[in-house]
Every structure is written in C-alpha cells, then in structure tokens.
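Residue-level listing of the chains:
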Amino acid sequence: QQQVKQSPQSLIVQKGGISIINCAYENTAFDYFPWYQQFPGKGPALLIAIRPDVSEKKEGRFTISFNKSAKQFSLHIMDSQPGDSATYFCAASMNNAGNMLTFGGGTRLMVKP
Amino acid sequence: DAGITQSPRYKITETGRQVTLMCHQTWSHSYMFWYRQDLGHGLRLIYYSAAADITDKGEVPDGYVVSRSKTENFPLTLESATRSQTSVYFCATGGGTGREAFFGQGTRLTVV
C-alpha cells in the first residue's frame, strides 16, 4: 500500500519556466512533509520541508503548497534552471517514528536550456 | 568529517551468495535506516534502528538482516542474494536536532 503518491513520474520544463510536482498522502498522522532532491550518483538531500500548520513555505525559488483537507502538497520551482535537473521525492513522516520517511515514487525533472 | 559513509559503492555478486553492505556515521545520530531505490518505487524502507541493539522491520524486510552493536555502524546483510535484490541501497541517519534524515552516497548492488 503506497501511502504517498507522487506525480508526474517525469517532467520536462523550459529554462525559466515553472516546475510543479504533486503529492498526495493517506495517513493523517503524518506531521512533517519534506522534499528531497537527488542528483545522479548521489544520495537524496533535503530541499525544503513543511508542517501541516502552514499552507505555504517558500525558500528562494522553491515553494511548498500544502492542503491539509485534501491531503495534498506540491513543490513549485520558479524560474527553473538546468541545474535543477534532478529527481525529486516527496516524503512524509510521523512524530513518533523518529525520522523514518515514507517516500513518493519520485519525479525526474529535466530543465531544457 | 565524512558524516555518513557507505561501502562498497559498487558490488556485483552471484545469486545465493551472502553479501554485507556497510554504513558508518560520525554524527552519533540515534536513528539509522536502510532504504532501497528502484525505478518507479521511489525509496522503500528495509530496516531501521532507533539506537544500538534496537532494530525493526520496515516496508520490505524479507531477505535482509541487520545488526547494530555500535551506534555508529549499521550493516545490512543479504543472506542469500536474489536477482530481485538488484538495487541501489541507501543508508540514512536521523534523530539529530530536527526531523531531517541524512543520506549516504549509496551502494549499487547487482545480483547476477
């Protein structure tokens, strides 16, 4: 049973465009929703994270939008750059589970120059 | 300060052989995790450990064994490797001051 569903699986965006990746979760006990970025040959690294008490969090060109009632959250990358080309994973965790993460299936983003 | 180190980075083994993947951390984080990454499945949790001598199953534990006699080490053993265990394996730590999990560089394992 996949508790975190991510779409799309792949995404091609022109340089300067907006990249949008969506995730939906099922378990209402989740209380922490991070996005991880992974470059080829590397491990995932935390990009940005949000807690359910806020609807939006912005860090530079990266924004998480969170809809608690719909159990959905999304990552927006503004002014996408070729250097943003990577695989992005959404994830979720519960407070009583340490830092154990449940991941979405991943989105491979390609930003064309 | 390497933080979290996985070894080997690449491994080819034969079906039925036992293989151990190593994970070492220098942060003294309480939690350690093993994930496998497969196309279309994202990262799936195999086993995790909340502290030395405390381990528990994750989503896909069958065919794997872990131990954690010391806080800094968390080896993953495939007792009898199968082709379906061909994957990229990531070790991660957590339990620092925040909720972030930190990942190693990964081990690409091929079972032939």
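Given the structure is predicted, the values throughout are model-derived calculations rather than measurements. Sequence order as written defines residue numbering, which begins from 1 separately in each chain. To label them, take the chains in the order written and letter them from A, then take the ligands in the order written and number them from 1. Where totals are concerned, whole chains, interfaces and linings use all residues; where local detail is concerned, this predicted model gives features only for residues with pLDDT of at least 70, and gives and counts side-chain atom pairs only at 80 or more. Each side-chain value is derived from all of the structure's non-hydrogen atoms; neither hydrogens nor water enter the calculation.

A.B. asks: In this structure, what is going on with the overall build of chain B? I would like to understand it.
C.D. replies: Counting from the N terminus, the helices are DSSP H or I runs at least four residues long and the strands are E runs at least two residues long. Assigned secondary structure in chain B consists of zero helices and 11 strands. For chain B, the N- to C-terminal ordering of α and β elements is β-β-β-β-β-β-β-β-β-β-β. For a compact globule of 112 residues, the expected C-alpha radius of gyration is about 13 Å, and chain B comes in at 13 Å, within 12% of that figure. Along the longest, intermediate and shortest principal axes, the C-alpha atoms of chain B span 40 × 25 × 25 Å. The buried share among the 112 residues of chain B stands at 47%. Only heavy atoms matter for contacts: two residues are in contact if any of them lie within 4.5 Å across the pair. Considering only contacts in chain B between residues 6 or more positions apart, those separated by 24 or more positions represent 54%. Per-residue and other accessible areas follow the Shrake-Rupley method at a 1.4 Å probe size, with only the shown protein chains counted as cover for residues. Looking at chain B as shown, the accessible area adds up to about 5400 Å², and 48% of this sits on carbon and sulfur atoms. Asp and Glu are treated as the negative residues and Lys and Arg as the positive ones, with His and the ends of the chain left uncounted. All charge positions are set by atom: Lys at NZ, Arg at CZ, Asp at CG, Glu at CD. Looking at chain B, you have 11 positive and 10 negative side-chain charges, and the mean spots of the two groups are 6 Å apart. For the radius of gyration, the atom set is restricted to C-alpha positions; the globular benchmark scales as 2.2 Å times the number of residues to the power 0.38. Exposed residues in this analysis have more than 50% of their type's maximum accessible area, buried residues have under 20%, and partly exposed residues fall in between, with area computed by a 1.4 Å probe over protein chains only.

A.B. asks: Is there a simple way to think about the environment of B:Asp53 in this case?
C.D. replies: All names here are of chain B. With respect to the secondary-structure elements, Asp53 resides in the loop between strand E5 (42–51) and strand E6 (54–57). In this structure Asp53 comes out as exposed when scored by relative accessible area, which is 65%. For the pair formed by Asp53 and Gly104, sequence separation is 51 residues and the distance between their alpha carbons is 21 Å. Discounting residues that sit within four places of it in the chain, Asp53 has contacts with Arg68 and Ser69.

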